[in-house]
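# An overview of the molecular structure
Single-letter residue listing:
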Amino acid sequence: MQKDKKNPYLFLLPYILLFTVFIIIPIVMAIYLSFTNFNTIETPGFIGFLNYLNLLTQDEIFMQYVLPNTVLFAVIVGPGGYILSFLLAWSLSQLTRVPRMILALIFYSPSMTSGVAMVVVWKVLFSGNQAGYVNSLLMKLGILTEPLIFLQDTRFIMIIMIIVALWGSMGVGFLAMLAGVLNVDETLYEAGAIDGIRNRFQELFYITIPSMKPQMLFGAVMAIVGTFSTGVIGVALTGSNPTPSYAGQLIVNHIEDYGFIRFEMGYAAALSVVLLLIIFLFSYISKKLFSES
Amino acid sequence: MALKVSGNNPKKFNRSQIKFYVFLIPFALFMMLPIIFIINHAFKPLDELFAFPPRFFVNAPTFDNFRNLFDLANTSGIPLSRYVLNSLIVTVAVVFFSIIISSMAGFVLSKKQFRGKKAIFEINNVALMFVPIAVTIPRFLTISFLGIDDTFFAHILPLLAMPVGLFLIKQFIDQIPDALIEAAIVDGANDFQIYWKIILPLIKPALATAAILVFQVVWNDVETSTLFTTSENMRTLAFFMNTLAVNTNVVVGQGMAAVASLIMFIPNLILFIILQSSVMNTMSHSGLK
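Residues numbered from 1 in each chain as written. Chains lettered and ligands numbered in written order. Predicted model: local features only at pLDDT ≥ 70, side-chain atom pairs only at ≥ 80, totals over all residues. Heavy atoms only, no water.

### What about the overall build of chain A?
Counting secondary structure elements, chain A contains 14 helices and 2 strands. With the C-alpha coordinates of chain A rotated into their principal frame, the extents come out at 80 × 70 × 30 Å. Burial status across chain A gives 55% buried among its 293 residues. The long-range share in chain A, meaning contacts at least 24 apart out of those at least 6 apart in sequence, stands at 63%. Entry remark: accessible area of chain A is about 13,000 Å², with carbon and sulfur atoms responsible for 68%. (Helix = DSSP H or I, 4+ residues; strand = E, 2+ residues; numbered from the N terminus. Buried < 20%, exposed > 50% of the residue type's maximum accessible area, 1.4 Å probe, protein only. Contact = heavy atoms within 4.5 Å. Areas by Shrake-Rupley, 256 points an atom, 1.4 Å probe, with all protein chains shown as cover.)

So this is what it looks like as structure tokens:
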């Protein structure tokens, strides 16, 4: 029996070790570095909250472009992609098995593509001359008279980023929701019918959604994380960091700009901490929304 | 059955399903558009890549773009086979070790009572929200501190602990009846035998699911090659395909870029099709409370 007490930790050891070294320690280091002035060559010097103060008061680009862009992008792609994946999952559950599987595979397939490589496809589609597919189509339909330079035009960058992000948003969360809808206890629907449920929508609101709250929460968390990590597409689409006039600049791009282009690692670390805090905050809110009580 | 108003998971086609097809099919077409596009683009001969007005579908398919891609790789000093080999080593190692360590951890987190168990699983759940890109810099520093940069370890070790994988496996083990394990203990099995002989065979769907999720991350990973390696012959296929795809703006390059995207996409697709029923089976236990 004595041996049994130690065994669990032995089984956990490899995971915990790697988890600590490559996830926990980097987060702790990011928090520490965010209080320093670190240029990657000299040893970091402690400067207290200066990075955060600068972020709030000095960084005009952050306040004027990056933060509003990130909020706009997150508000549309996060809930948008989430609602869409629920609607698609629920609609799919109303079909028979074979067509359901085929369509589910199609919806999930963009999530399997490596993000940046796929962006190349969108780059060709939205190419700025007459040979661009979207331009060509819009001109043929008579909507445009001359080609638009979509990927450099500050009016369109964000819209295209949102389309691409939504296209790739049916990921693990979507699969979880689909499995969730399909596994709702059949007898609940029969009981519901006896209690006077008349149509699919009543069924959806009174039985399906309440029965799959845990999957809905998992989907929500995955959607939040997905939204904030697809941030690189703006840079990939426009081919430059910063994006033209900062029109598609998100926090992730701002971190790369400061960390790997200007080598102001301390400031970049402060931005990273802010990003992690934002993600935790949103996840916390969704947890409150979906909790059982 | 007759009592149900409409219900999910119908067995037969029925006219009331038509409205769902009307909604789903246009959507599916939109989702497939870019993928159909790269397939066509990859097989377009030069004159069709240049064609004006641009054509979506390929007319006279050819393997020229594939040939050009292989030639380019060979003239750049490092043969394509080196990138492929690196990718294979890294991917196989990460997928294998990752599901081993996650299933070991998942087993004890689900079936054993010990101090700190709840806290560990809670921390892992918080880490589901972890976005690697937010701590790229400290990760880079950790790797150079460990002195593993520019080795296979830099490719493999950082990706082994995957919170989503552990989470899905642990939730799946939760539904294995305790009685099964108690019976094994009565028969004199130790923890390792229980893990190896009972748990592992029963959680194959969860392992397959974790494997495909890990595979997608590793196979498509470009960041490791960019940041944690300096020598060209330690880099992976994803990195090579990505540089090729990003740096080629000329029309001729588009065909090769499409081939590159296609080569990266196909293994994911095939693996997912093979494992999809395991994935759906596992996902039904993916609830987060």
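Still more to cover.
### Remarks on the overall build of chain B
Tallying secondary structure elements over chain B gives 14 helices and 0 strands in all. Counted from the first residue to the last, chain B has its helices and strands arranged as α-α-α-α-α-α-α-α-α-α-α-α-α-α. Reported as C-alpha extents along the three principal axes, the dimensions of chain B are approximately 70 × 65 × 35 Å. When the 289 residues of chain B are sorted by exposure, 55% land in the buried category. In chain B, once contacts between residues fewer than 6 apart in sequence are set aside, the share between residues at least 24 apart is 71%. For chain B, the accessible surface area stands at approximately 13,000 Å², while carbon and sulfur atoms represent 68% of it. Averaging the locations of the 20 positively and 15 negatively charged side chains of chain B gives two centres separated by 14 Å. (Lys, Arg positive; Asp, Glu negative; His and termini not counted. Charge placed at Lys NZ, Arg CZ, Asp CG, Glu CD.)

### Overview of the environment of Ala134 of chain B
Within the element layout of this structure, Ala134 of chain B appears in the loop between helix H5 (117-127) and helix H6 (136-146). By relative accessible area, Ala134 of chain B is classed as buried at 2%. Along the primary structure Ala134 of chain B and Asn268 of chain B are separated by 134 residues, whereas in three dimensions their C-alpha atoms are 26 Å apart. If near-sequence neighbours (up to four positions away) are discounted, Ala134 of chain B is found in contact with Ser272, Leu275 and Leu276 of chain A.

### Focus: the nonpolar core
Residues Phe73, Leu92, Phe107 and Phe218 of chain A together with Ile203 of chain B are the most contacted members of the largest nonpolar core, which totals 189 residues. Not counting chain neighbours up to four residues away, the residues in contact with Ile203 of chain B comprise Ser103, Ile169, Phe172, Ile173 and Ile176 of chain B. (Core = buried A, V, L, I, M, F, W, Y, C linked by side-chain atoms within 4.5 Å.)

### Some words on the packing of helix H4 (residues 80-111) of chain B against helix H8 (residues 163-174) of chain B
Between two packed helices, both the angle of their axes relative to each other and the distance between the axes serve to describe the pair. Residue and element names in this part refer to chain B. In contact at an axis separation of 8 Å, H4 and H8 are set at 45 degrees when each is read in the N-to-C sense. Here H4 lies oblique to H8, going by the angle between them. Here H4 runs over H8; the crossing is right-handed. Residues Ser102, Ser103, Ala105, Gly106, Phe107, Leu109, Ser110 and Lys111 of H4 form the contact with H8, whose participating residues are Leu166, Ile169, Lys170, Ile173 and Asp174. (Axes fitted to C-alpha atoms, helices over the stretch in contact; angles between N-to-C directions. Parallel < 35°, antiparallel > 145°, perpendicular 65-115°, else oblique. Left-handed = near helix turned anticlockwise from the far one by under 90°.)

### Remarks on the packing of helix H3 (residues 60-93) of chain A against helix H1 (residues 18-42) of chain B
It is at 10 Å that the axes of H3 of chain A and H1 of chain B come closest, and there the two elements cross at 130 degrees. Considering their axes alone, H3 of chain A and H1 of chain B lie oblique with respect to each other. Two packed elements cross with a definite hand, and for H3 of chain A against H1 of chain B that hand is left-handed. Here Leu84, Leu87, Leu88, Trp90, Ser91 and Leu92 of chain A of H3 of chain A lie close against H1 of chain B, whose contacting residues are Phe20, Phe23, Leu24 and Phe27 of chain B. Looking at the contact of H3 of chain A with H1 of chain B residue by residue, the classes come out as 9 nonpolar, 1 polar and no charged. (Nonpolar A, V, L, I, M, F, W, Y, C, P; charged D, E, K, R; others polar.)

### Brief notes about the interface of chain B and chain A
Tallying the contact residues gives 107 residues for chain B and 105 residues for chain A. Taken together, both faces of the contact between chain B and chain A bury some 9,300 Å²; the carbon and sulfur share is 76%. Linking chain B with chain A are 13 residue pairs in polar contact (both at pLDDT 80 or more). In terms of residue count, H1 of chain B provides more of the side of chain B that touches chain A than any other element does, 15 residues in total. A class-by-class count of the residues in the side of chain B that touches chain A yields 72 nonpolar, 23 polar and 12 charged. (Buried area = accessible area lost by both parts, 1.4 Å probe. Polar contact = N/O pair within 3.5 Å; in protein donor to acceptor, adjacent residues only side chain to side chain.)

### Observations regarding the packing of aromatic side chains
Aromatic ring pairs are described here by two measures, namely the spacing of the ring centres and the angle between the planes. Applying the stated criterion across every chain, the model contains 39 aromatic pairs over all chains. Taking 6.2 Å as the distance between ring centres and 70 degrees as the angle between the ring planes, the aromatic pair formed by Phe107 of chain A and Phe27 of chain B counts as edge-to-face. Within this pair, whereas Phe107 of chain A is found in helix H4 (residues 97-112), its partner Phe27 of chain B is found in helix H1, the two belonging to separate chains. The ring of Tyr258 of chain A carries the charged tip of Arg262 of chain A above its face, separated from the ring centre by 4.2 Å. Sitting above the plane of the Phe239 of chain B ring, Arg235 of chain B keeps its charged end 4.6 Å from the centroid. (Phe/Tyr/Trp six-rings, centres within 6.5 Å; stacked < 30°, edge-to-face > 60°. Lys NZ or Arg CZ within 6 Å of the ring centre and 35° of its normal.)

### Some thoughts on the environment of Gly132 of chain A
Tracing the sequence through the fold places Gly132 of chain A in the loop between helix H5 (115-125) and helix H6 (133-140). In this structure the C-alpha to C-alpha distance between Gly132 of chain A and Ile149 of chain A, which are 17 residues apart in sequence, comes to 9.4 Å. Contact partners of Gly132 of chain A, with chain neighbours within four places excluded, come to Val124, Leu125 and Ser127 of chain A together with Pro54 of chain B.

### Some points on the confidence of the model for chain B
Summarising the model, chain B shows a mean pLDDT of 88, and 95% of its residues fall at 70 or more. The ipTM, which scores confidence in the relative placement of chains, is 0.89 for this predicted complex, and the corresponding pTM is 0.90. (pLDDT = per-residue confidence, 0-100.)

### A short note on the environment of Thr224 of chain B
Within the fold, Thr224 of chain B resides in helix H12 (residues 223-228). Setting aside residues up to four positions removed in sequence, Thr224 of chain B forms contacts with Ala154, His155 and Thr229 of chain B.

### Section: the side chain of Gln215 of chain A
Considering the arrangement of structural elements, one finds Gln215 of chain A in helix H11 (residues 213-229). Contact partners of Gln215 of chain A, with chain neighbours within four places excluded, come to Ala176, Met177 and Gly180 of chain A together with Met283, Ser284, His285, Ser286, Gly287 and Leu288 of chain B.

### Points about the pattern of salt bridges
Counted under the stated rule, the structure contains 7 salt bridges over all chains. Arg155 of chain A serves as the salt-bridge partner of Asp153 of chain A, at 2.9 Å between the closest nitrogen and oxygen. On the basis of relative accessibility, which here comes to 16%, the residue Asp153 of chain A falls in the buried class. With its nearest N and O atoms 3.1 Å apart, the salt bridge here joins Arg235 of chain B to Glu232 of chain B. (Salt bridge = Lys/Arg side-chain N within 4 Å of Asp/Glu carboxyl O.)

### Quick word on the side chain of Glu48 of chain B
All names here are of chain B. Mapped onto the secondary structure, Glu48 falls in helix H2 (residues 46-50). No salt bridge is formed by the buried Glu48, whose closest oppositely charged neighbour, Arg55, lies at an N-O distance of 4.7 Å. Within polar-contact distance, the side chain of Glu48 engages the backbone nitrogen of Asn59 at 2.7 Å. Setting aside chain neighbours within four positions, we find Glu48 in contact with Phe57, Val58, Asn59 and Ala60.

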